[in-house]
Amino acid sequence: MNKAVNDGVWSGSWVAERLGVRLEGDDDLTGMLGLALRRNPKRAHLLVSSVLGKHVPQSPSVVYGAGFALGRRVRELLGAEEAARAVVLGYAETATGLGHSVADGVGPAPYLHSTRRPVAGVARAGGFEESHSHATSHLLLPEDPALLVGDGPLVLVDDEFSTGNTVLNTVRDLHERYPRRRYVVVALVDMRSAADAGRLEEFAREIGARVDLVTAASGTVLLPEGVLEKGQELVARYEAESAGAGGRSSAAPSGPVAQFPAPPDSGVAAEAGQEGNPSGARGTARSAPTGPHPGEERTHPHVTRVELHWPPGLPDGGRHGFTAAHRTRLEAALPGMTARLAEALPEGARRVQVLGFEELMYAPLRLARELEQVTEGVEVSYSTTTRSPVLAVDDPGYAIRTRLVFPAHDTPPDGPGERYAYNVAGAGFDAVIAVVDSVADTPELHAPEGLLARLADHTPHVLLAVVPSYVPGPLALPERHPMLPEPLRGPAFSSYAPEEVGWLLQDLSDVTLEAPTEEREEAIQSGGAHYAESLPVEYQPSEQYQELFHAALEESAVRLAQAAGAVTELVLAERSPRPVLVSLARAGTPVGVLMRRWAQFRHGLELPHYAVSIVRGRGIDANALRWLAAHHDPRDVVFVDGWTGKGAITRELTAAIREFEASDGITGFDPEIAVLADPGSCVRTYGTREDYLIPSACLNSTVSGLISRTVLRADLVGPHDYHGAKFYRELAGADVSVAFLDAVSARFAEVVDAVDATAKELLSGDREPTWEGWAAVERISEDYGIHDVNLVKPGVGETTRVLLRRVPWKILARAGAGADLDHVRLLAEQRGVPVEEVAELPYTCVGLIHPQYTRGATGADGRAVNL
């Protein structure tokens with residue numbers, strides 16, 4: 001693999017020695033950049049990036065990761081709310097894929113890249129010049145002109161930030177039309193000279209906007225006097241020498257290329273040896289070229305066309321805009337398209353190059369990255385063709401070792417001309433997958449001197465994948481959900497501080513929803529009402545019960561702190577480095593706040609945290625998911641709950657997310673719940689699997705920000721409303737919500753070592769769910785004649801809920817259970833509920849709801865009566 005530093009030789013040393021060009025800056029600068037000579041009268045040298053995926057074949061994971069990491073840094077800089085309002089703009093042709101990858105890292109931001117290809121029927125929304133380039137005019141052609149309207153940040157992405165001229169030209173043009181308050185410039189490298197360093201800040205003051213800069217590395221190119229003339233002389237001399245040598249060349253006669261020795265299994269010999277078996281491929285591939293050019297002479301039997309089955313109507317890139325919804329569709333389609341490519345690869349292929357096409361960088365990059373991940377034992381690399389003319393020299397100290405020259409094949413508006421593929425010839429690839437858009441799938445592509453023929457000279461197998469060129473139609477106005485309100489926050493809604501949690505709920509505080517517990521139970525079990533259509537009357541704890549709560553909190557604060565820290569470390573290690581915590585209201589909310597506090601305490605992270613409603617039998621609040629998808633990357637969302645019982649909510653969430661994906665086409669939400677305690681063995685992400693008392697289960701709203709459980713009733717919650725809940729302001733005198741959090745987070749410092757040990761053990765161990773809790777509940781349901789698992793509530797937390805909210809029948813307690821059950825025994829005594837000790841109980845306790853509730857629905861033997 002060609003890198004900027006190969007076997008200790010920097011790929012810029014050849015130019016540096018002959019022209020005196022020097023790079024000074026960060027230690028890793030020469031690891032990212034090599035040097036070559038342009039065939040360009042405006043600039044002698046070319047900085048050749050080893051992580052851009054343009055001129056140098058590179059691992060697609062490295063290429064995508066470099067852009068994605070920059071996007072994450074932009075997201076951190078802006079904050080979640082500003083990032084959700086951002087638009088990302090990339091530069092053609094070199095940075096189209098980089099900009100798209102940055103947009104992925106930013107999150108749900110829409111992406112647009114400039115283009116040099118005018119498209120009939122699409123009006124220009126802007127344009128600018130790139131003064132040093134071989135092709136200067138950039139067009140902005142968004143399908144929806146509103147994409148550039150708004151006051152959110154504009155993120156501008158280029159591969160290098162050298163003079164700043166391109167960025168200034170862009171901002172100047174756009175700011176006149178669509179003024180904004182903030183711009184962020186993103187580049188792999190900042191190579192401004194000292195003279196250029198202050199221009200950006202000066203320009204920002206001039207237009208009255210803030211401009212930030214985010215780069216992976218920085219330095220300066222030191223150019224000696226007369227370097228342009230010397231460079232031109234050097235290029236002319238090497239071109240003349242190459243032309244006079246008369247050696248075999250893969251370049252067109254008008255330009256040179258230095259050669260690697262051709263491998264024995266490549267080029268013409270391989271072609272001649274495969275007559276009768278033109279493709280060597282298997283599966284869905286077929287010989288090409290066919291399709292758009294029937295009757296064309298098939299001069300290159302090795303070329304195999306692979307049908308990708310690109311999703312209809314999905315843009316091929318950001319030329320006309322690429323939204324979060326488009327990204328979701330692409331993510332869903334990538335596995336299937338990649339499987340077709342993998343199936344078409346020849347047997348025994350070990351080195352495969354995916355070659356994109358000029359501005360079409362992102363689609364082939366994502367296909368290459370997916371292919372890299374699914375093809376074991378195959379080294380996949382990625383680069384693209386280009387319009388940029390560069391001298392090729394076969395020397396380890398030079399960044400462009402070989403050059404393929406072929407005619408343009410997309411009917412460019414500036415007329416025919418040469419195009420190039422660098423560092424592909426002679427590299428020993430077993431197969432090359434050329435990915436072009438349909439506009440470029442022309443006779444010139446398949447001609448004897450075209451790109452496919454040039455590739456066939458250097459690899460035994462050439463595959464062709466064509467992505468449909470997206471042409472915007474008349475702007476449709478799809479049906480949209482009305483604007484969803486921003487989350488509710490304290491102190492207006494809940495007793496939590498506003499930054500601790502945002503509630504994606506509607507406030508039903510002024511609606512009477514409470515009903516006597518017995519009446520609710522009878523209505524629920526008779527099928528006359530759903531449990532989420534009303535609220536139980538809030539339990540008011542006695543003084544004795546409150547004392548038990550505080551004693552339990554003092555006793556369990558350390559192990560709660562350890563569990564909260566451990567589950568947070570698992571989330572950060574496995575789920576996302578910047579997770580968006582989404583608690584399942586309301587039991588998950590205190591846990592989500594504790595996880596947020598741990599991330600801030602241990603890592604200095606300020607994680608977004610929201611609470612949403614999920615209702616058994618009704619699913620999760622789809623409007624809350626829509627709001628989250630519009631403001632965050634769904635892949636970063638981590639659902640949080642307090643504990644698992646038998647796993648009903650885990651199953652509910654999985655089914656609800658699947659249904660939401662089908663209805664809205666939005667993917668990326670992971671239904672795996674992170675919990676403080678997983679006694680039911682229902683999830684992989686947990687702090688402990690012990691079944692012990694979590695004091696927040698002891699109370700209702702007074703330990704959950706004074707918020708009721710959630711309500712879903714048709715006359716109160718419309719199709720475009722969040723689920724509802726009440727804020728019990730009148731209970732403020734008994735509120736211990738913040739006291740609970742403070743008592744646990746006060747112990748963070750003393751459990752750091754224990755958390756590290758627990759997290760290490762969990763990360764290295766087997767955490768696959770066994771669902772043993774569900775099996776235990778089914779046995780208990782049958783043993784006690786209940787025949788309804790919904791009336792069996794396992795674990796300390798769920799048993800407490802039964803005693804506080806439902807009509808309990810009896811409590812099963814594990815023999816010898818200690819202080820964890822003191823509050824359960826007290827509540828059972830106050831409500832006249834028997835506690836039955838059981839020797840072989842997988843949970844500390846289990847609460848049984850009165851089956852088929854009517855008063856006196858048990859027989860003399862204490863078993864349920866089937867009425």
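Calculation rules
Residues numbered from 1 in each chain as written. Predicted model: local features only at pLDDT ≥ 70, side-chain atom pairs only at ≥ 80, totals over all residues. Heavy atoms only, no water. Buried < 20%, exposed > 50% of the residue type's maximum accessible area, 1.4 Å probe, protein only. Helix = DSSP H or I, 4+ residues; strand = E, 2+ residues; numbered from the N terminus. Pairing = 2+ DSSP bridges. Axes fitted to C-alpha atoms, helices over the stretch in contact; angles between N-to-C directions. Contact = heavy atoms within 4.5 Å. Polar contact = N/O pair within 3.5 Å; in protein donor to acceptor, adjacent residues only side chain to side chain. Salt bridge = Lys/Arg side-chain N within 4 Å of Asp/Glu carboxyl O. Lys, Arg positive; Asp, Glu negative; His and termini not counted. Phe/Tyr/Trp six-rings, centres within 6.5 Å; stacked < 30°, edge-to-face > 60°.

## Topic: helix α5 (residues 96-106)
When you tally the buried positions in α5, you get eleven out of eleven residues, the bulk of the element. For α5, the complete set of buried residues consists of T96, G97, L98, G99, H100, S101, V102, A103, D104, G105 and V106. Once α5 finishes, G107 follows within two positions and takes phi at roughly 125°, a positive value.

## Some points on the sheet that holds strand β7 (residues 111-113)
Reading across the sheet, the six strands line up as β3-β12-β11-β10-β6-β7 and stay open at both edges, with mixed pairing between neighbours. Each edge of the open sheet is held by one strand with a lone partner, namely β3 (22-25) and β7. Averaged over all adjacent pairs, the angle separating strand axes in this sheet is 30°, with direction ignored. Note that strand β10 (residues 154-161) and strand β11 (residues 182-190) share seven bridges and pair parallel. Across the sheet, the residue bridging to L154 is Y183, located in β11. Sheet strands in contact with helix α6 (residues 165-177) are β6 (87-90), β10 and β11, and its direction is about 160° off that of β10.

## Here we look at the pairing of strand β29 (residues 673-677)
Of all five residues in β29, five are buried; the element is thus mostly enclosed. Summarising the sheet, strand β28 (residues 637-643) and β29 pair through four bridges and their orientation is parallel. The residue bridging W643 from the neighbouring strand is A677, located in β29. Two strands pair when backbone bridges link them, and β29 and strand β30 (residues 685-688) are joined in this way by three bridges, in the parallel orientation. Its bridge partner being in β30, V675 is matched across the sheet by Y686.

## Considerations on the side chain of S381
Mapped onto the elements of the fold, S381 is located in strand β16 (residues 379-385). The class for S381 is buried, based on a relative accessible area of 1%. A polar contact is formed between the side chain of S381 and the side chain of Q353, at a distance of 2.6 Å.

## Thoughts on the pattern of salt bridges
Counting across every chain of the model gives 39 salt bridges. Across the pair R351 and E379 runs a salt bridge, and its minimum N-O distance is 3.7 Å. Of this pair, R351 sits in strand β15 (residues 351-357) while E379 sits in strand β16; the two residues are 28 residues apart in sequence, bridging distant segments of the chain. For R351, a relative accessible area of 21% corresponds to the partly exposed category.

## Observations concerning the side chain of E569
On the secondary structure map, E569 appears in helix α15 (residues 543-574). The charged side chain of E569 is buried without a salt bridge, its nearest counter-charge being R602 at 4.4 Å. A polar contact of 2.8 Å, which involves the side chain of E569, links it to the side chain of H603. Once residues within four sequence positions are removed from consideration, E569 is found in contact with W598, R602, H603, V755 and A759.

## Considerations on the packing of aromatic side chains
Applying the stated criterion to the full structure yields 14 aromatic pairs. With 6.1 Å between their ring centres and 75° between their planes, F493 and W503 make a pair best called edge-to-face. Pair noted here: F493 is in the loop between β20 (462-467) and β21 (502-503) and W503 is in strand β21, with a separation of ten residues, a long-range link. Taken individually, F493 and W503 each receive the classification buried, so the pair is uniform in this respect. Where F601 meets F748, the ring centres are 5.7 Å apart and the plane angle is 45°; that geometry is what we call tilted. With F601 in helix α16 (residues 588-603) and F748 in the loop between α19 (737-745) and α20 (752-764), this pair connects stretches of sequence that are 147 residues apart.

## Overview of the environment of L168
Residue placement: L168 occurs in helix α6. Residue classification places L168 among the buried positions, given a relative accessible area of 6%. Every residue in contact with L168, bar those within four places of it in the chain, is listed here: R199, L200 and F203.

## Focus on the environment of D441
Turning to its location among the elements, D441 is positioned in the loop between β19 (431-437) and α12 (443-446). What makes D441 buried here is its relative accessible area of 6%. Considering only alpha carbons, one finds D441 and H409, 32 residues apart in sequence, at a separation of 7.2 Å. Side chain to side chain, D441 and H446 meet in a polar contact 2.8 Å long.

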